[in-house]
Every structure is written in structure tokens, then in C-alpha cells.
Amino acid sequence: DQLLWVAIAMVLFMTGYLTTTTFGTYYFKYVYGDEGMYSPFGAVLVASQLLGYAIFPALSKRFSRRTLYTAATVLILAGYLVFFVSPTQIGFIAAAGLLLFIGDSFITLLMLVFLTDTIEYGQWKLGRRNGAVTFALQPFINKVGAALSTQIVAIAIVIAGVNPDRPADTTASGLLTIKLGMLVLPPILIVISYLIYRAKYRIDETFYAQIVSDLRERGQLH
């Protein structure tokens, strides 16, 4: 049951995150007006994620997983808000990207921890370990998220009525459709993912320690 809820939360999160990144080239071509600025934005994405991965271990020693997940979600939502309301200037966009992708890196690492913890939980509850199946689930979830995000972007681009040969002809409603698809739908999916985690995922640090202790007492864990 815990693996199921983690999988659902991960699919929703990855769909939202990948929808934003997939929209990137369209945003910079049609809304920003300079497709070449997507490369600097991509550099901000990579740098932000590397920074998030670097500082996460230190933060995880001081704060609980639930606190970190909540803080990461707040960072992401703040990034989307800054991105949506700020003028189309690379400085504001870079600041928004920094917030977005640091938060994303935290949640990506936390989801991996949650998946790993379900292995012991499954052994504790069902009497068997399913490590291979559990870890095989992550790439599958990433592929599902990528497929769903691609469909969302394709539908939004059709609705926006963009013309690749004449980007300047895109209407105001078409530009708004791109912004909504990139900056409004994804955070909705990410919030739903967070709410599922808070409502359904029960394996916190205390419960996990109890699981490990019980398994050791049974002689099922060394």
C-alpha cells in the first residue's frame, strides 16, 4: 500500500516537473521571444539541481523528511509564482528557476528515500523483500511522467494555435495558454502529489526505525 501511494505521488510530481521543462523551448520562442535563451535557462536548471543535491545531505541531518518535503514544495510554488508574474527578463526567470529546481532536487531525493523505505516495510508487513521490483519502478515512473507531459504539451500547443514559422503571429490567448500549461497546471499536479504524500504515506523516521527493530527481533534483518 505504501509503495502504491509513493508511485502515484511520484507520477504526478514527475508529470508536473517534466511538463514545465518540456514547455521550455516553446516558452522562450513564443512568450519570451528568444529561443536562444533556453540554453541559459537550462544551465540554471542544472546548476540549481546540483546545488540542491549538494546541500540536501546536511539539511536532512537537521530536519525531518516531512519538513524538507514541505519546504521543497513551498520553494517550487514560489518559483512558479515568480515565473508567472515576473516580466520576461532572464534575471527574474533565473531566480524563479533557482527556486523551482532546488525544490525539485529535494523532492527527487526524498522520493528515492521513500521508495527504499517501502522495501523494509513490505518485508515487515508481508514477510518478503521486493527490492528489485521496487527500484525498477522508478525508471518506469519517469517514463510515464515523460509520456504524460509530452501529451499535455502537445495538446496545449494545438490549443494555443502557434505557427512555428511565424511565432510573432501567436495571439495573446495563445501565449496565455502556453503560460498556463507551463506554469499553472504543473504546480497543481505537484500540490496534489504533496497532499497524497501527506495523507497516505505513513513511513516517517520513527515508524521506519520501529520496522527495522521489529525485523531484527524476528531475525529477518542483520
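Conventions used here
- As a convention, each chain's residues are numbered from 1 in the sequence order in which they are written.
- Reporting of local features is limited, given that this is a predicted model, to residues whose pLDDT is at least 70; pairs of side-chain atoms are given and counted only at 80 or more, and all residues count toward the totals for whole chains, interfaces and linings.
- Side-chain metrics rest on all non-hydrogen atoms present in the structure, leaving aside hydrogens and water.
- Secondary structure elements are defined from DSSP: runs of H or I of at least 4 residues count as helices, runs of E of at least 2 residues count as strands, and each element is numbered from the N terminus.
- The rule is simple: take the accessible area with a 1.4 Å probe, protein chains only, and divide by the maximum for that residue type; under 20% is buried, over 50% is exposed, in between is partly exposed.
- What makes two residues a contact is simply this: any of their non-hydrogen atoms within 4.5 Å.
- Aromatic pairs are defined between Phe, Tyr and Trp rings, using the six-membered ring for Trp, whenever the two ring centres lie within 6.5 Å; interplanar angles under 30 degrees are classed as stacked, those over 60 as edge-to-face, and all others as tilted.
- A ring is scored as having a charge over it whenever the NZ atom of a lysine or the CZ atom of an arginine sits within 6 Å of its centre and within 35 degrees of its normal.
- Salt bridges are identified by distance alone: a Lys or Arg side-chain nitrogen within 4 Å of an Asp or Glu carboxyl oxygen.
- Multiply 1.5 Å by the residue count of a helix minus one, and that product is the helix's expected span.
- Think of it as the arc spanned by the lines of direction from the helix axis to the C-beta atoms.
- Here a polar contact is taken to be a pair of N or O atoms separated by no more than 3.5 Å, where protein atoms must pair a possible hydrogen donor with a possible acceptor and residues adjacent in sequence count only if both atoms sit in side chains.
- By convention a nonpolar core is built from buried Ala, Val, Leu, Ile, Met, Phe, Trp, Tyr and Cys residues, the set being connected through side-chain atoms within 4.5 Å.
- Residue-level confidence of the predictor, termed pLDDT, takes values from 0 up to 100.
- Residues enter a patch when their relative accessible area is above 30% and they make no salt bridge; the linking distance is 9 Å between like charges and 5 Å between nonpolar side chains (Val, Leu, Ile, Met, Phe, Trp, Tyr).
- Surface accessibility follows the Shrake-Rupley procedure with a 1.4 Å probe radius. Residue values consider only the protein chains on display as shielding.
- Think of each axis as a best-fit line through the C-alpha atoms, taken over the contacting stretch in the case of a helix, with angles from 0 to 180 degrees between the N-to-C directions.
- Angle categories: roughly parallel below 35 degrees, roughly antiparallel above 145, roughly perpendicular from 65 to 115, and oblique for all the rest.
- Left-handed describes a crossing whose near helix is turned anticlockwise from the far helix through less than a right angle; right-handed describes the clockwise counterpart.

## Some words on the environment of Trp5
1) Next: Mapped onto the elements of the fold, Trp5 is located in helix H1 (residues 2–32).
2) Next: For Trp5, a relative accessible area of 27% corresponds to the partly exposed category.
3) Next: In contact with Trp5, not counting residues within four places along its chain, are Ile196 and Lys200.

## Thoughts on the packing of aromatic side chains
1) Next: Under the definition given, this model contains 22 aromatic pairs.
2) Next: On the basis of an interplanar angle of 65 degrees and a centroid distance of 6.1 Å, the ring pair of Phe28 and Tyr38 is categorised as edge-to-face. One end of the pair, Phe28, is in helix H1; the other, Tyr38, is in helix H2 (residues 38–62), and 10 residues separate them in sequence.
3) Next: Centroid distance Trp124 to Phe207: 5.4 Å. Interplanar angle 85 degrees. Geometry classified as edge-to-face. Of this pair, Trp124 sits in helix H4 (residues 90–126) while Phe207 sits in helix H8 (residues 205–218), placing them 83 residues apart in sequence.
4) Next: The class for Trp124 is partly exposed, based on a relative accessible area of 23%.
5) Next: Feature note: the residues Phe13, Tyr17, Tyr27, Phe28, Tyr32, Tyr38, Phe41, Phe83 and Phe101 constitute an aromatic cluster, connected by ring pairs.
6) Next: The residue whose ring lies beneath Lys179 is Phe84, and the NZ or CZ to ring-centre distance is 4.5 Å.

## Looking at the pattern of salt bridges
1) Next: Overall, the coordinates contain five salt bridges when judged by the stated rule.
2) Next: For Glu120, the salt bridge is made with Arg129, and the minimal N-O distance between the two is 3.1 Å.
3) Next: Judged by relative accessible area, Glu120 falls into the buried class, the value being 9%.
4) Next: Look at Arg129 and you get partly exposed, because its relative accessible area is 42%.

## Looking at H8
1) Next: The terminal C-alpha atoms of H8 lie 20 Å apart, and with 14 residues this matches the ideal 20 Å at 1.5 Å per residue to within 8%.
2) Next: Residues of H8 that are buried include every one of Phe207, Ile211, Val212, Asp214 and Leu215, and no others. Projection of H8 onto a plane perpendicular to its axis shows the buried side chains occupying an angular sector of 160 degrees, all on one side. Exposed side chains of H8 directed beyond 90 degrees from the buried face belong to Thr206, Arg216 and Glu217.
3) Next: Between a side-chain oxygen at the N-terminus of H8 and the backbone nitrogen of Thr206 the separation is 3.3 Å; the capping residue is Asp204.

## Quick notes on the nonpolar core
1) Next: Formed by 57 residues in total, the largest nonpolar core has its most connected members in Phe13, Tyr69, Phe83, Met111, Phe114 and Ile178.
2) Next: Among the elements of the structure, H1, H2, helix H3 (65–85), H4, helix H5 (131–160), helix H6 (172–183), helix H7 (185–200) and H8 are those that each provide at least two residues to this core.
3) Next: With 14 residues, the top contributor of residues to this core is H1.

## A word on the confidence of the model for the chain
1) Next: The predicted model of the chain averages 91 in pLDDT, with 100% of residues at 70 or higher.
2) Next: Averaged pLDDT values for the elements of the chain fall to 90 in H8 and rise to 97 in H7.

## Regarding a nonpolar patch on the surface
1) Next: On the surface, Leu176, Leu180, Val184, Leu185, Ile188 and Ile192 cluster together to form a nonpolar patch covering roughly 440 Å² of accessible area.
2) Next: If you list the elements that add at least two residues to the nonpolar patch, you get H6 and H7.
3) Next: Looking at the nonpolar patch, the element that brings in the most residues is H7, giving three residues.
4) Next: Along the chain, Leu185 turns up in helix H7.
5) Next: Given a relative accessible area of 31%, Leu185 falls into the partly exposed group.

## Regarding the packing of H4 against H5
1) Next: Interhelical geometry of H4 versus H5 gives an angle of 160 degrees and a closest axis separation of 9 Å. With respect to their mutual orientation, H4 and H5 come out roughly antiparallel. Every pair of crossing elements has a handedness; the one defined by H4 and H5 is right-handed. Contacts from Leu112, Leu115, Thr116, Thr118 and Ile119 in H4 reach Gly131, Thr134, Phe135, Leu137 and Gln138 in H5.

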